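Here is what each chain is made of, one letter per residue.
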Amino acid sequence: MLSARKIDQILQKADLGKCTVNPVGSGYYNDSYYLDGREGGFVLRVAPPDDVPKLFYEVDMMRSEPGIHRLVAEKTDVPIPRIVYHDFSREVIDADYLIMEYIEGIPGLFDQRELGRYVRQIHSIGADKCGYPDRMAPMGDKWPDIFYVYVRMILGDCTSCGVIGRNEYEYILSIYDRHHDAVVDVPPHLLHLDLWAQNILTVNGKITALLDFDRGLYGDPELEFAVLDTYGYSSPEFFEGYGTPRPSDDGAQVRRRLYMVYELIKYAFVRVARGGSLSTGRSHVAQCKRILEEIE
């Protein structure tokens with residue numbers, strides 16, 4: 001957690017004046033603080049130190065948020081907090097940070113049709129390249145090519161922390177290679193990829209804000225649907241709001257499993273590299289292998 005002196009320096013640099021500061025507590029990745037001052041309420045989010053073990057796409061990933069927020073605000077009516085200040089210079093603290101407006105709301109029940117309408121608008125934003133923007137991760141011209149680069153990179157991360165062995169790496173990769181043609185070339189669409197309960201704020205069942213776009217990338221909307229599967233939000237009501245049926249042909253069924261494993265294998269890395277629990281990490285690997293066995 002940051003010292004009061006460091007927070008005062010951040011507030012001075014952001015020209016927010018004196019604020020009452022209350023830690024939100026350590027989140028799953030960033031640290032957050034509530035700020036209450038003359039300009040209103042804000043949230044300070046601080047990225048973890050450089051020495052915290054990270055997946056390949058987590059390196060510098062906060063740096064993608066200002067650009068994504070700007071596009072979503074300009075091109076959609078999706079409710080998101082306004083980023084009022086960001087600093088990636090490391091001049092005040094040895095970490096990236098940003099300050100966004102505070103929006104009233106708590107994680108809670110919501111109309112999944114409303115979520116579907118908002119996700120459709122996010123997906124309407126395109127780009128010239130596929131992949132994770134504005135960070136260390138590479139980007140590419142074609143979605144299948146960059147996706148398979150990412151598969152190798154995330155499996156490499158899992159190998160480096162010891163949660164999967166070399167033989168498992170080769171086995172999992174062989175299934176992706178076997179189904180390489182199932183991942184089709186699509187124009188790059190902006191995806192959120194982290195729409196779980198804590199990132200969907202509500203008041204009386206109405207969504208007031210979608211948070212944490214730092215894991216967003218430009219790619220295949222079906223990857224978003226696979227991530228939503230893991231949170232239980234890929235319901236008929238969601239697709240009613242989305243306005244387009246989910247692809248259900250044989251190729252889509254294969255892609256769904258390839259995409260789900262790409263999403264779920266990260267937990268194996270996180271539980272071992274950041275949580276120190278090899279047994280929990282291995283349980284996530286076993287889950288991923290069971291999914292892949294369905295298309296083996």
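Residues numbered from 1 in each chain as written. Predicted model: local features only at pLDDT ≥ 70, side-chain atom pairs only at ≥ 80, totals over all residues. Heavy atoms only, no water.

### Describing helix α6 (residues 221-231)
So, step 1. Counted residue by residue, α6 has ten buried out of eleven residues, so it is predominantly covered.
So, step 2. Of the surrounding secondary structure, the elements contacted by the buried residues of α6 are α3 (112-123), α4 (143-160), β9 (189-191), β12 (217-219), α7 (236-242) and α8 (250-274).
So, step 3. One side-chain oxygen of the residue at the start of α6 lies 2.9 Å from the amide nitrogen of E222, identifying that residue as D220.
So, step 4. Of the residues one or two after α6, G232 is the one with positive phi, at around 80 degrees. (Buried < 20%, exposed > 50% of the residue type's maximum accessible area, 1.4 Å probe, protein only. Helix = DSSP H or I, 4+ residues; strand = E, 2+ residues; numbered from the N terminus. Contact = heavy atoms within 4.5 Å. Polar contact = N/O pair within 3.5 Å; in protein donor to acceptor, adjacent residues only side chain to side chain.)

### Let's talk about the layout of surface pockets
So, step 1. Roughly 1,000 Å³ of internal volume is contained in the largest pocket.
So, step 2. Around the largest pocket, the lining comprises 36 residues; the ones closest to its centre are Y28, W196, Q198, N199 and D212.
So, step 3. Mapped by element, the contributors of at least two residues to the lining of the largest pocket are β1 (19-26), β2 (31-37), β3 (40-46), β5 (97-101), β6 (106-107) and α8.
So, step 4. Sorting elements by how many residues they give to the lining of the largest pocket places α8 first, with five residues. (1 Å grid on protein atoms, 1.4 Å probe; cavity = no way out; pocket = protein on both sides within 12 Å on 5 of 7 lines; lining within 4 Å. Points joined across faces, edges and corners; volume = space filled by probe spheres on them.)

### A short note on the sheet that holds strand β10 (residues 200-203)
So, step 1. Pairing is antiparallel in the open sheet, where three strands are placed in the order β6-β10-β11. Of all strands in the sheet, those bounded by a partner on one side alone are β6 and β11 (206-210).
So, step 2. Summarising the sheet, β6 and β10 pair through two bridges and their orientation is antiparallel. Considered in β10, the bridge of I106 is made with T202.
So, step 3. Packed onto the sheet, α3 meets β10 and β11 and runs at close to 30 degrees relative to β11. (Pairing = 2+ DSSP bridges. Axes fitted to C-alpha atoms, helices over the stretch in contact; angles between N-to-C directions.)

### Some words on the environment of V227
So, step 1. Inspection of the secondary structure assignment puts V227 in helix α6.
So, step 2. When the C-alpha positions of V227 and L210 are compared, they lie 15 Å apart, and in sequence the two are 17 residues distant.
So, step 3. V227 has contacts with L193 and E263, leaving out every residue within four places of it along the chain.

### Concerning the pattern of salt bridges
So, step 1. Tallying each qualifying case throughout the model produces 29 salt bridges.
So, step 2. Close ionic contact of R38 with E39 constitutes a salt bridge, the shortest N to O distance being 3.1 Å. The residues R38 and E39 share a single accessibility class, namely exposed.
So, step 3. Taking the shortest distance from any N to any O, the salt bridge between R45 and D212 comes out at 3.5 Å. Within this pair, whereas R45 is found in strand β3, its partner D212 is found in the loop between β11 and β12, the two being separated by 167 residues in sequence. (Salt bridge = Lys/Arg side-chain N within 4 Å of Asp/Glu carboxyl O.)

### Digging into the packing of α4 against helix α5 (residues 166-178)
So, step 1. Axis separation between α4 and α5 bottoms out at 11 Å; the angle between their running directions is 165 degrees. Judged by the inter-axis angle, α4 sits roughly antiparallel to α5. The handedness of the crossing between α4 and α5 is right-handed. Of α5, the residues touching α4 (which contributes F147, Y148, V151, R152, L155, G156 and T159) are Y169, I172, L173, Y176 and D177.
So, step 2. Partitioning the contact of α4 with α5 into residue classes produces eight nonpolar, two polar and two charged. (Parallel < 35°, antiparallel > 145°, perpendicular 65-115°, else oblique. Left-handed = near helix turned anticlockwise from the far one by under 90°. Nonpolar A, V, L, I, M, F, W, Y, C, P; charged D, E, K, R; others polar.)

### Section: the nonpolar core
Nonpolar side chains in soluble globular proteins generally cluster together in the buried interior.
So, step 1. Counting 73 residues, the largest nonpolar core has L115, W143, F147, Y176, L210, L223 and Y262 as its most contacted members.
So, step 2. Per-element tally for this core: the top contributor is α8, with 13 residues.
So, step 3. If we skip the residues at most four places from it in the chain, Y262 touches F56, Y57, Y132, F147, Y150, V151, I154, Y176 and L223.
So, step 4. Counting 16 residues, the second largest nonpolar core, distinct from the first, contains L11, Y33, F42 and V46. (Core = buried A, V, L, I, M, F, W, Y, C linked by side-chain atoms within 4.5 Å.)

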